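Next come the chains, spelled out residue by residue.
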Amino acid sequence: MEPRGTLTGSLTSEASKHRRSIMEEKYFPQEIEERQQARWKAAKAFEVTADPARPKFYCLEMLPYPSGRIHMGHVRNYTIGDALSTFKRMTGFNVLHPMGWDAFGMPAENAAIKHGARPDQWTIENIDSMRSQLQRLGFNYDWSREIATCTPAYYRWNQWLLIEMWKKGLVYRRKATVNWCVKCNTSLANEQAEGGFCWRHEDTPVEQRELEQWFIRVTHYADELLDSLAELEGGWPERVLAMQRNWIGRSRGAEIDFEIDGEAKQTVRVFTTRIDTIFGASSLILAPDHPLLNEWAEAGKVSAEVLRFREEQAALTPRERLEEGREKTGVFTGWWAINPFSGAKLPIWTANFVLTGYGTGAVMAVPAHDERDFDFSQKYGLPIRRVIVPAGSDVSRNDPQAEVSLPYTAKEESAQLIHSGEWSGLTIAEAQQSMIARAEQRGFGQSRVNFKIRDWGISRQRAWGTPLPFIHCPVCQIVPVPAAQLPVELPADLNFKTPGAPLAEHRAFVETSCPSCGGPARRDTDTMDTFVDSSWYYSRYCDPGNESLPFDPAVAAYWTPVDQYIGGIEHAVLHLIYTRVWTKIMRDLGLLNFGEPITRLLTQGMVCLATYRCEEHDWLHPNDVIEGRCRHCQRPVTVGRIEKMSKSKKNTIDPDEMIRIYGADTVRLFMLFAAPPEKDLEWSEAGAEGASRFLNRVWRITWKWHTLLPPTEAGGAEDYSGAARALRRKTHQTIERVSRDIGDRLQFNTAIAALMELTNELYAFDSQLPMDQVSSSDRFVIREALESLARMLAPLTPHLAEELWSGLGHQGLAVQTAWPTFDQKLALEEELEIPIQLNGKLVTRLIVPAGIAEDALVELAVTNPRIVQRLEGRTISKTIVVPGRLINLVAR
RNA sequence: GGGGAUGUGGCGGAACCGGUAGACGCGCGGGUCUCAAAAACCCGUUACCGUAAGGUAGUGUGGGUUCGAUUCCCACCAUCCCCACCA
């Protein structure tokens, strides 16, 4: 690929005011950082436009919620993206690197309730202070594309998109049992109520409520969501793919109707993935709130015991249900069903472990081949009938009634059916196929695929969100707001003081007329889940000012999909599923031409710090621990685990304070150096000092030489001393390593290690030069090393890099110059150190010229005194030569 | 119970396709400079034995494949994360 120079043309005269060509002797990060930031801004250095003639790279970091302060997790996330963006720009890509704000959400509303603040003003103030924090870190965002999701200019497109989806039947409204968090005072989507608790309030179990809700038809895309994960293989972390597969939860099986004994027309439908075990079914089990059971209860067709059981189950809160543990309980309903395959009469039970929400809410219990059914049937004395046996077991000896001590649940390919009528002797797979065919032919069942994933409930009973753009008319029912009337804006004068939904109480907002019949009508007073905002924001950045569409499809076609996305693992089944669904929908609406929004995903590790606890003062900040004692009360403290920085555990470090002490470049360098990006990282003051020390070393060696260097000119190889050739070699080897570590592997830690090695080599070279008679070729070699170093630091520590680059006499911006290229010939070693092994064990190492012939090298090895001595008269039976790497001599 | 990772010096980590284990940094020890200190620079730093040259062991444990294994395979142990009565 051809490296490219500047993106935005030459420096304006405004920008050159900020440039200084003479370096200071000492490195003052705060001073140079401010200066370089002003220079980038004046040069509009990071503003880009679509240019189909050039290759693009879209680098995106998950947009932050504007809480008011950035934390170290943000710094790490954005430093990684920033380094990659600059690297890509320097290697010739047209790089889109935007930033924005996920600006709707609860904290703004809570501030309004608590302090009477206006959520919009509270949010805007937070955005302003966070933006300036990010700018102090010197990130290369194209700020001209900044978005905030709480602005009507943005959320009108949430509304527009939702209406388009509604027209296509991908959005619908229905009454549903939903998860309700009392702390959030709103309903939640399934993904946001994992394990029965609210995702924002981990100690708050969700309640179930019946509400009219808006849903996005995620299940329409369930198969594709699962299957196209294969496209992401290699680009996404394996564990994210696994979590999504799990969450989507496809299972293939069959639905079978069981006739109710004595009610010929009535059937119970069950879902099973193991139709092959149906001859082993010993009962049917209904969920306690199964519709058929409701019907029987209303008609007085079940016993008082059944009624009591149903009431008990209905009264359980999710927490009690969890605390109840795995204990399975149930009661016999008094009814019987007919197994359509065997004709056997099976008792119908109801039990707590059968869930309404999955499958049909009814199961056939096969205790011999399912753990749950086994536990339940044993407890209540239901028969356990064995119908599958491993291959090779003596079928004649397998009495179906013989005691089963453990269920046989393995699905070995070779296992076969017994005591299953005409299917006996078939394998599991054969039986499944044949039995489903029979059920379909006789009309009592069919094959069926079930998913764990549900449609996405997006209604929220909150005020600080996108209003749902629908009008409820007593005559015309649900009518979408006409496109010309969008956006439906949030009123500025909402009353947060009284409990309840502020939008619903705002009469001027609610009362409207029907766009269809003109009669009086009411607006929908729910708002959208904030995950709607972040599901498509990546495409808005391509064309953020568009007033007639969410974005121009032609412009988006250039920039999207996102080439590299960077963010935390916590969104593996939230945001990262929603944005995949939403992208497929936008594709089907004709706005995009692909289905997967993110080509490569990096989930960066957390920023951690040790935790401390005192009996009296609870969690302590590490600075409040002095020699193992609490600063306030002198009591000894308990040392906790190293954990993610959090306010509640008081183990946070303020990025601003660190920038004040060390400068942004040092903080950034430490973040990239201390651990590979996907691993957790422990903040360490000593580590930050180490990073700062390295930058000072680079500064000093550049300062020493910057006025003594000749203009750039390469001599022939013969013009250089051995030491100078070695430094050139190191320079070119370093360029090769750093290019690969950043470009291919995203391993910034090893890239920085390589730059440290180059710096060490420069010092070593420098220390052996007599200052009064340095040759011009020596000075060239030093220039080459220093300039390469400055440019390779540009993605990592851009302010310092700019200063060095200017100091070395360059006019343009370092972050816009071409990435240095390496010469393979110059990178080649002249001498090699070849380890000599005897029977795989290292004996000695030989220093040989790089071009040595193989037989000459072997000759050196076998005649080496150490080898001869170790051979003790044995002969060498085999010689293994790995060219350029090692020799292994085998002797027995 | 299911799924996914991870295990290497005092610490963070490196080792690309099976080929010199411990790059780079932190910490620690020693030295140079200084009246002194800081900073900076230089040297050393896996463990054990040895003044040294050198030797032996060594990548969670036990096996296997291989001329050769941190790397591949099998079993086990430990830790972390996610999901979890999903039929």
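Residues numbered from 1 in each chain as written. Chains lettered and ligands numbered in written order. Predicted model: local features only at pLDDT ≥ 70, side-chain atom pairs only at ≥ 80, totals over all residues. Heavy atoms only, no water.

A closer look at the overall build of chain A
The helix and strand tally for chain A stands at 28 helices and 35 strands. Considering only C-alpha atoms, chain A reaches an extent of 110 × 90 × 65 Å along its principal axes. When the 892 residues of chain A are sorted by exposure, 53% land in the buried category. Counted over contacts in chain A with a minimum sequence separation of 6, partners at least 24 positions apart contribute 72%. Accessible surface computed for chain A: about 39500 Å², of which carbon and sulfur atoms make up 50%. Computing the positive centroid from 102 side-chain charges and the negative centroid from 115, chain A places the two 1 Å apart. (Helix = DSSP H or I, 4+ residues; strand = E, 2+ residues; numbered from the N terminus. Buried < 20%, exposed > 50% of the residue type's maximum accessible area, 1.4 Å probe, protein only. Contact = heavy atoms within 4.5 Å. Areas by Shrake-Rupley, 256 points an atom, 1.4 Å probe, with all protein chains shown as cover. Lys, Arg positive; Asp, Glu negative; His and termini not counted. Charge placed at Lys NZ, Arg CZ, Asp CG, Glu CD.)

Regarding the pairing of strand E35 (residues 886–891)
Along any regular strand, the residues point their side chains to alternate faces of the sheet. A large share of E35 lies buried, amounting to six of its six residues. The alternating pattern of E35 places Leu886, Asn888 and Val890 and Ile887, Leu889 and Ala891 on opposite faces, both of which are buried. Pairing analysis gives three bridges linking strand E32 (residues 831–838) to E35, with the strands arranged parallel. Within the sheet, the bridge partner assigned to Leu838 lies in E35 and is Leu889. In this structure, strand E34 (residues 876–882) lies alongside E35, joined through six bridges in antiparallel fashion. Along E35, the bridge assignment pairs Val882 with Leu886. (Pairing = 2+ DSSP bridges.)

Describing the state of the cysteines
Applying the stated criterion across every chain, the model contains zero disulfides. Of all cysteine sulfurs in the structure, the one in Cys514 sits closest to Cys473, which takes part in no disulfide; the separation is 3.6 Å. (Disulfide = S-S within 2.5 Å.)

A few points about the pattern of salt bridges
Summed over the entire model, instances satisfying the criterion amount to 51 salt bridges. Put simply, Arg173 and Asp524 hold a salt bridge, and the shortest N to O gap is 3.2 Å. You can see Arg173 sitting in strand E5 (residues 171–181) and its partner Asp524 sitting in the loop between strand E22 (520–523) and strand E23 (527–528), a full 351 residues away along the chain. Its relative accessible area of 25% is what places Arg173 among the partly exposed residues. As a salt-bridge pair, Arg613 and Asp618 come within 3.0 Å of each other at their nearest N and O atoms. Within the structure, one salt-bridge network assembled from shared partners comprises Glu224, Arg580, Lys584, Arg587, Asp588 and Glu596. (Salt bridge = Lys/Arg side-chain N within 4 Å of Asp/Glu carboxyl O.)

Here we look at the sheet that holds strand E6 (residues 186–188)
Here we have four strands laid out as an open sheet, ordered E6-E5-E7-E17, and antiparallel in their pairing. The two strands at the open ends of the sheet, each matched to only one other strand, are E6 and strand E17 (456–457). Strand direction decides the pairing type here: E5 and E6, joined by three bridges, are antiparallel. Bridge pairing links Cys181 to Thr186 in E6.

Some words on the nonpolar core
Ranked by internal contacts, the top residues of the largest apolar core, which has 184 residues, are Leu162, Ile216, Trp456, Trp582, Trp683 and Leu793. Of all the elements, helix H23 (residues 748–767) adds the most residues to this core, at ten residues. The contact partners of Leu162, leaving out residues within four places of it in the chain, are Val171, Ile216, Ile458, Leu468, Pro469, Phe470, Met528 and Trp582. Ala254, Trp335, Val366 and Trp423 belong to the second-largest nonpolar core, a separate cluster that totals 40 residues. (Core = buried A, V, L, I, M, F, W, Y, C linked by side-chain atoms within 4.5 Å.)

Some remarks on the side chain of Thr333
For Thr333, the location among the structural elements is in strand E11 (residues 330–338). Within the structure, the side chain of Thr333 is placed 3.2 Å from the backbone nitrogen of Trp335, a separation counted as a polar contact. At a separation of 2.6 Å, a polar atom in the side chain of Thr333 contacts the main-chain carbonyl oxygen of Ile348. (Polar contact = N/O pair within 3.5 Å; in protein donor to acceptor, adjacent residues only side chain to side chain.)

Brief notes about unusual backbone geometry
Backbone phi values are negative for most residues with the exception of glycine, while trans is the configuration of most peptide bonds. Cis rather than trans, the peptide bond between Leu486 and Pro487 has omega equal to 0 degrees. Mapped onto the elements, Pro487 comes out in the loop between strand E20 (477–480) and helix H15 (507–510). Of note, the bond from Thr560 into Pro561 is cis; its omega dihedral lies within 30 degrees of zero at -5 degrees. The backbone of Lys44 sits at a positive phi, close to 45 degrees, despite the residue not being glycine. In this structure, Lys44 sits in the loop between helix H2 (29–42) and strand E1 (56–61). Of the residues examined, Lys44 reaches a relative accessible area of 47% and is grouped as partly exposed. Although it is not a glycine, Gln477 adopts a positive phi angle of roughly 65 degrees. One can find Gln477 in strand E20.

Thoughts on the environment of Thr817
Here Thr817 lies in the loop between helix H25 (798–807) and helix H26 (824–827). A relative accessible area of 15% places Thr817 in the buried class. With twelve residues separating them along the chain, Thr817 and Trp805 place their C-alpha atoms 9.8 Å apart. One polar contact links the side chain of Thr817 to the main-chain carbonyl oxygen of Ala814, over a distance of 2.8 Å.

A word on the packing of helix H4 (residues 106–115) against helix H5 (residues 119–136)
Running from amino to carboxyl end, H4 crosses H5 at an angle of 120 degrees, the nearest separation of the two axes being 8 Å. Between H4 and H5, the interaxial angle falls into the category oblique. The two elements H4 and H5 cross, and the hand of that crossing is right-handed. Residues Pro107, Ala108, Ala111 and Ala112 of H4 pack against Pro119, Trp122 and Thr123 of H5. (Axes fitted to C-alpha atoms, helices over the stretch in contact; angles between N-to-C directions. Parallel < 35°, antiparallel > 145°, perpendicular 65-115°, else oblique. Left-handed = near helix turned anticlockwise from the far one by under 90°.)

Things to note about the confidence of the model for chain A
Here chain A shows a mean pLDDT of 89. Residues at 70 or above account for 93%. In this model, residues 1–21 is a region of pLDDT below 50 whose contacts with residues beyond four sequence positions or in other chains number 46 contacts. Scored as a complex, the prediction yields pTM 0.92 and ipTM 0.96. (pLDDT = per-residue confidence, 0-100.)

Side note on the packing of aromatic side chains
The geometry of an aromatic ring pair is captured by the separation of the ring centres together with the interplanar angle, meaning the angle of the planes. By the definition in use, this model includes 31 aromatic pairs. With a centroid separation of 5.3 Å and 75 degrees between ring planes, the pair formed by Phe341 and Trp423 is classed as edge-to-face. Taken together, the positions of Phe341 in the loop between E11 and strand E12 (345–351) and Trp423 in the loop between strand E15 (416–417) and helix H14 (428–442) put the pair 82 residues apart, joining distant regions of the chain. Note on accessibility: Phe341 and Trp423 belong to one class, buried. Between Phe341 and Phe444 the ring centres are 5.3 Å apart and the planes differ by 85 degrees, which places this aromatic pair in the edge-to-face class. (Phe/Tyr/Trp six-rings, centres within 6.5 Å; stacked < 30°, edge-to-face > 60°.)

What to know about H25
Most of H25 is tucked away: ten of the ten residues are buried. Those residues of H25 lying buried are Pro798, His799, Leu800, Ala801, Glu802, Glu803, Leu804, Trp805, Ser806 and Gly807. Where H25 ends, the next residue or the one after it, Gly809, has phi of about 100 degrees, a positive value.

Considering the sheet that holds strand E25 (residues 598–603)
In space, the four strands of this open sheet follow the order E2-E1-E24-E25, with parallel pairing throughout. The open sheet terminates on both sides in strands that have one partner only, identified here as strand E2 (94–96) and E25. Averaged over neighbouring strand pairs, the angle between their axes works out to 20 degrees when direction is ignored. Against the sheet, helix H3 (residues 72–90) contacts E1, E2, strand E24 (562–567) and E25, and its axis sits at roughly 170 degrees relative to E1. Strands E1 and E24 of the sheet are contacted by helix H16 (residues 531–540), whose axis makes an angle of about 150 degrees with E1.

Examining the side chain of Glu255
With respect to the helices and strands, the residue Glu255 is situated in strand E8 (residues 251–260). A distance of 3.2 Å separates polar atoms of two side chains, one belonging to Glu255 and the other to Arg269. Of the polar contacts made by the side chain of Glu255, one reaches the side chain of Arg448; its length is 3.5 Å. What Glu255 contacts, discounting residues up to four positions off in sequence, is Arg269, Val270, Phe271, Thr360, Phe444, Gly445, Gln446 and Arg448.

Comments concerning helix H13 (residues 371–380)
Regarding H13, the residues found buried are Asp373, Phe374, Phe376 and Ser377. Summarising the contacts, the buried residues of H13 are in contact with strand E10 (283–286), E11, E12 and strand E13 (362–365). Among the residues of H13, the N-terminal cap falls to Asp370, whose side-chain oxygen and the backbone nitrogen of Arg372 are separated by 2.9 Å. Just beyond H13, the residue with positive phi is Gly381, at close to 70 degrees.

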